[in-house]
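Observations on the three-dimensional arrangement
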Number of protein chains: 2
Amino acid sequence: MVRTSTDKKILESALKLISEKGYLGTTTKDIAREAGITEVTLFRHFGSKERLFEEVLKCYTFLPKLKEVISEIEGDSINYENTLKKIGMRFFETLKERKSFIRILSSEMNVYPDKTREVFSKFIDETNKVLSGYFKSQQNAGNLRKFSPEIAARGFLGMLFCYFNVEEIVKGKSISHQKIEMIIKEFVEIFVNGTLKD
Amino acid sequence: MVRTSTDKKILESALKLISEKGYLGTTTKDIAREAGITEVTLFRHFGSKERLFEEVLKCYTFLPKLKEVISEIEGDSINYENTLKKIGMRFFETLKERKSFIRILSSEMNVYPDKTREVFSKFIDETNKVLSGYFKSQQNAGNLRKFSPEIAARGFLGMLFCYFNVEEIVKGKSISHQKIEMIIKEFVEIFVNGTLKD
DNA sequence: TCAAAATGTAAGTAATTGCTTACTATAATT
DNA sequence: AATTATAGTAAGCAATTACTTACATTTTGA
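What you see is a predicted model; the values in this text were computed from it and never measured.

On to the side chain of E168 of chain B, then. Residue and element names in this part refer to chain B. Tracing the chain through its elements places E168 in helix α9 (residues 149–170). Of the residues examined, E168 reaches a relative accessible area of 4% and is grouped as buried. Within the local environment of E168, its side chain forms a polar contact with the side chain of K99, the two groups lying 3.0 Å apart. Apart from residues lying up to four places away in sequence, E168 is in contact with K96, K99, K173, S174 and I175.

Further remarks concern the interface of chain A and chain B. Listed per partner, the contact involves 45 residues of chain A and 45 residues of chain B. Across the chain A-chain B interface, the total number found is six salt bridges. In this structure, the salt-bridge partner of R154 of chain B is E167 of chain A, at a minimum N-O distance of 2.8 Å. Counting across the interface, chain A meets chain B through 16 residue pairs in polar contact (both at pLDDT 80 or more). Taken together, the elements giving at least two residues each to the side of chain A that touches chain B come down to α1 (5–21), α7 (99–107), α8 (113–140), α9 (149–170) and α10 (177–195) of chain A. Counting residues per element, the side of chain A that touches chain B draws most heavily on α9 of chain A, at 13 residues. Classifying every residue of the side of chain A that touches chain B gives 20 nonpolar, 14 polar and 11 charged.

Turning next to the protein's contact with DNA strand C. Surveying the vicinity of DNA strand C reveals 17 residues, the closest of which are K49 of chain A together with T6, T41, R44 and H45 of chain B. Looking at DNA strand C alone, sugar and phosphate atoms form 53% of those within 4 Å of the protein. Here R44 of chain B contributes a side-chain N or O atom positioned 2.6 Å from a base oxygen of DNA strand C. In this structure, H45 of chain B approaches DNA strand C through a side-chain N or O atom, which is 2.3 Å from a phosphate oxygen. Those elements that provide at least two residues to the surface near DNA strand C are α3 (39–46) of chain A together with α3 (39–46) of chain B.

Within α3 of chain A, the full set of buried residues consists of T41, L42 and F46 of chain A. Along the long axis of α3 of chain A, the arc covered by the buried residues comes to 110°, so they all point the same way.

Glancing now at the protein's contact with DNA strand D. Around DNA strand D there are 17 residues in total, and T6, T41, R44 and H45 of chain A together with K49 of chain B lie nearest to it. If you look at DNA strand D and keep only atoms within 4 Å of the protein, 56% of those are sugar or phosphate atoms. Among the elements of the structure, α3 of chain A together with α3 of chain B are those that each provide at least two residues to the surface near DNA strand D.

With 19 residues, α10 of chain A extends 26 Å from end C-alpha to end C-alpha; this agrees with the ideal 27 Å at 1.5 Å per step. The set of residues buried in α10 of chain A consists of I180, I183, I184, E186, F187, V188, I190, F191, V192, G194 and T195 of chain A. As for α10 of chain A, its buried residues are in contact with α6 (80–97), α8 and α9 of chain A together with α9 and α10 (177–195) of chain B.

Residues and elements named next belong to chain A. Applying the stated rule across the entire model yields 30 aromatic pairs over all chains. Both rings, one in F135 and one in F147, keep their centres 5.6 Å apart while their planes meet at 80°; by these two values the pair is edge-to-face. Residue F135 is found in helix α8, and its partner F147 is found in the loop between α8 and α9; the two are separated by 12 residues along the sequence. The exposure class of F135 is buried, given its relative accessible area of 0%. Through pairs of rings, three or more aromatic residues link up here, namely F62, F91, F92, F101, F120, F123, F161 and F164. Over the ring of Y23 we find K49, and its NZ or CZ is 4.5 Å from the ring centre.

The next point concerns the pattern of salt bridges. Tallying each qualifying case throughout the model produces 33 salt bridges over all chains. Ionic pairing is found between E168 of chain A and K96 of chain A, a salt bridge with its closest N-O pair at 2.8 Å. A residue pair is termed long-range when its members are at least 10 positions apart, and E168 of chain A in helix α9 and K96 of chain A in helix α6 qualify at 72 residues. Taking the relative accessible area as the measure of exposure, K96 of chain A reaches 23% and is therefore partly exposed. Overlapping salt bridges, with partners in common, bring together E167, K171 and K173 of chain A together with D125 and R154 of chain B in one network.

All right, on to the domain arrangement of chain A then. Residues and elements named next belong to chain A. According to the domain assignment, chain A contains domain 1 (5–60) and domain 2 (66–195). Listed as interface residues are 13 residues of domain 1 and, on the opposing side, 11 residues of domain 2. Both faces combined, the contact of domain 1 with domain 2 buries some 1,200 Å², and carbon together with sulfur accounts for 71% of it. Taken as a group, S19, L57 and Y60 account for 48% of the area that domain 1 buries against domain 2, more than any other trio of residues on that side. Linking domain 1 with domain 2 are zero salt bridges, by the criterion used here. Here domain 1 is connected to domain 2 by four residue pairs in polar contact (both at pLDDT 80 or more). Every element with two or more residues in the side of domain 1 that touches domain 2 is listed here: α1 and α4 (49–60). Ranked by residue count, the leading element in the side of domain 1 that touches domain 2 is α4, at six residues. Of the residues assigned to the side of domain 1 that touches domain 2, the class counts are eight nonpolar, two polar and three charged.

Scoring rules and cut-offs
Residues numbered from 1 in each chain as written. Chains lettered and ligands numbered in written order. Predicted model: local features only at pLDDT ≥ 70, side-chain atom pairs only at ≥ 80, totals over all residues. Heavy atoms only, no water. Helix = DSSP H or I, 4+ residues; strand = E, 2+ residues; numbered from the N terminus. Buried < 20%, exposed > 50% of the residue type's maximum accessible area, 1.4 Å probe, protein only. Polar contact = N/O pair within 3.5 Å; in protein donor to acceptor, adjacent residues only side chain to side chain. Contact = heavy atoms within 4.5 Å. Salt bridge = Lys/Arg side-chain N within 4 Å of Asp/Glu carboxyl O. Nonpolar A, V, L, I, M, F, W, Y, C, P; charged D, E, K, R; others polar. Near = heavy atom within 4 Å. Arc of directions from axis to C-beta. Expected span 1.5 Å × (residues − 1). Phe/Tyr/Trp six-rings, centres within 6.5 Å; stacked < 30°, edge-to-face > 60°. Lys NZ or Arg CZ within 6 Å of the ring centre and 35° of its normal. Domains from an automatic or database assignment. Buried area = accessible area lost by both parts, 1.4 Å probe.

This is the structure we're talking about:
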């Protein structure tokens, strides 16, 4: 679907307002106002509020590109600890970029369960697959002790996700790059010490 | 406030329905029907929908009693690893007991930000305080390496919280006691290995 | 048993919301 | 310049929702 500039304005406004006020708490009038158009134009472009919301979910869906991080790193012979740091950093940056969308996924799970659960589950499962694959390959190379790579990946990414969620979404802060690095350093240290072979 | 049995029925029904459909997605008619009363009775008891919701937030607010776990354990000379397992277990059990309420906290943060953020932040901060205090005392006793107890506590509880959130809330499953134990065992192993002194 | 309290019945209000319609004006394209 | 496409104006509709009112019935407690 090729997007006109009006489409884009509407989608952006919808993303912003729905992430702030919820789907049911945001009126089509609000969205139109925010986009600088009339309400009737909104309906001309998207047909209904629900269709607009579906397009928002489709348009802003994302997957963190951890695969690419691992590829880059495999070419660079960086060690395990720094790899985890880079993965953590990339993951966190992605979360920050997509903050509004993540807010919507959390809060609209009841109103629009099918798509939000699908997107959220896919996000979790795919990112975990990549990281657990990496843990496995490091185990196979004899670098790591025996543990469940899938559960460890869930743990590692879960720590980061939860930290992000609490600070940025619950507390409404914006974490500085420095602070993120510090947090990731601490988490990675625990993970490295906790997963390396003796 | 002393609760009549009708009050309780209304509060329980509101908790259930709001956790399933959201605050705005749940009508006072729905709640009345679920409670087996008429809508006018609901207003007699609570005055408004908003007031009812406030009472739900007040009534179902909780803090996991990790302090008690630590007290019990300190009397029992249980080791660090088993302590973390018991803490993890108690925390997870609490999350499961309060699943509906936690769903509401996540999803209604935009509609009712002040109280939900307050409750959620308090929950995070208090539980972290208790666990980080325990980490500190173990460091002071010379058992653990140097790391930030606050950040480690955030990490540990964050892993559990995120795992719970994804499985029970996003994916809508109910995790078996066995499965929880296994997950906690894995997470604790990483943490124990990651925080013990060499 | 009786009076007070609690709840139900039935109807209604005002406001809000998503959405539509018809006509007009503006912008873009040929 | 003329035509087509896009957007605006103004008004309105039907449905829904939180809430209210007045009267009747049932339940509870003394």
